[in-house]
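# Architecture and fold: a report
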Amino acid sequence: MSRFGIFGEIFLFLKTGKKWWLGPIIIVLVVLGLALFLAQGSALAPFIYALF
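Residues numbered from 1 in each chain as written. Predicted model: local features only at pLDDT ≥ 70, side-chain atom pairs only at ≥ 80, totals over all residues. Heavy atoms only, no water.

The subject of this paragraph is the overall build of the protein chain. On a plain count of helices and strands, the protein chain comes out with three helices and zero strands. Secondary structure elements in the protein chain, listed N-terminal to C-terminal, are α-α-α. When the 52 residues of the protein chain are sorted by exposure, 13% land in the buried category. Counting only carbon and sulfur atoms, one obtains 78% of the accessible surface of the protein chain, whose full area is about 4,700 Å². (Helix = DSSP H or I, 4+ residues; strand = E, 2+ residues; numbered from the N terminus. Buried < 20%, exposed > 50% of the residue type's maximum accessible area, 1.4 Å probe, protein only. Areas by Shrake-Rupley, 256 points an atom, 1.4 Å probe, with all protein chains shown as cover.)

Here it is as structure tokens:
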């Protein structure tokens with residue numbers, strides 16, 4: 001098991017499979033997930049959920 005865990009596995013998959021086009025998709029999904037998680041208890045939550 002690598003010391004980077006799941007992130008190392010994803011990077012290795014992208015590198016060996018030459019699937020670099022998945023990188024931006026993964027980054028956007030992680031950023032959107034973090035935005036939803038961080039805005040969960042704030043007054044911005046109804047506005048962020050309205051986007052989806």
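This part takes up the confidence of the model for the protein chain. Per-residue pLDDT for the protein chain has a mean of 80; in total, 88% of the residues score no lower than 70. Ranking the helices and strands of the protein chain by mean pLDDT puts helix 2 (residues 22-38) first, with 86, and helix 3 (residues 45-51) last, with 71. (pLDDT = per-residue confidence, 0-100.)

Okay, helix 1 (residues 6-17) next. Note that an α-helix has 3.6 residues per turn; residues three or four places apart therefore point the same way. With 12 residues, helix 1 should reach 16 Å at 1.5 Å per residue; the first-to-last C-alpha distance of 16 Å fits that figure. Directly after helix 1, the chain includes lysine 18, whose backbone phi takes a positive value near 55°. (Expected span 1.5 Å × (residues − 1).)

Viewed as axis vectors pointing N to C, helix 1 and helix 2 meet at an angle of 155°, and their least axial separation amounts to 11 Å. Judged by the inter-axis angle, helix 1 sits roughly antiparallel to helix 2. In contact with Ile10, Phe13 and Leu14 of helix 1, helix 2 contributes Leu22, Gly23 and Ile26. Among the residues making up the contact of helix 1 with helix 2, the classes are represented as five nonpolar, one polar and no charged. (Axes fitted to C-alpha atoms, helices over the stretch in contact; angles between N-to-C directions. Parallel < 35°, antiparallel > 145°, perpendicular 65-115°, else oblique. Contact = heavy atoms within 4.5 Å. Nonpolar A, V, L, I, M, F, W, Y, C, P; charged D, E, K, R; others polar.)

As a further point, take unusual backbone geometry. Peptide bonds are mostly trans, and most non-glycine residues show a negative phi. Backbone geometry at lysine 18 places phi at a positive 55°, although glycine is not the residue there. Residue position: lysine 18 is located in the loop between helix 1 and helix 2. On the basis of relative accessible area, lysine 18 is assigned to the exposed category, the value being 64%.

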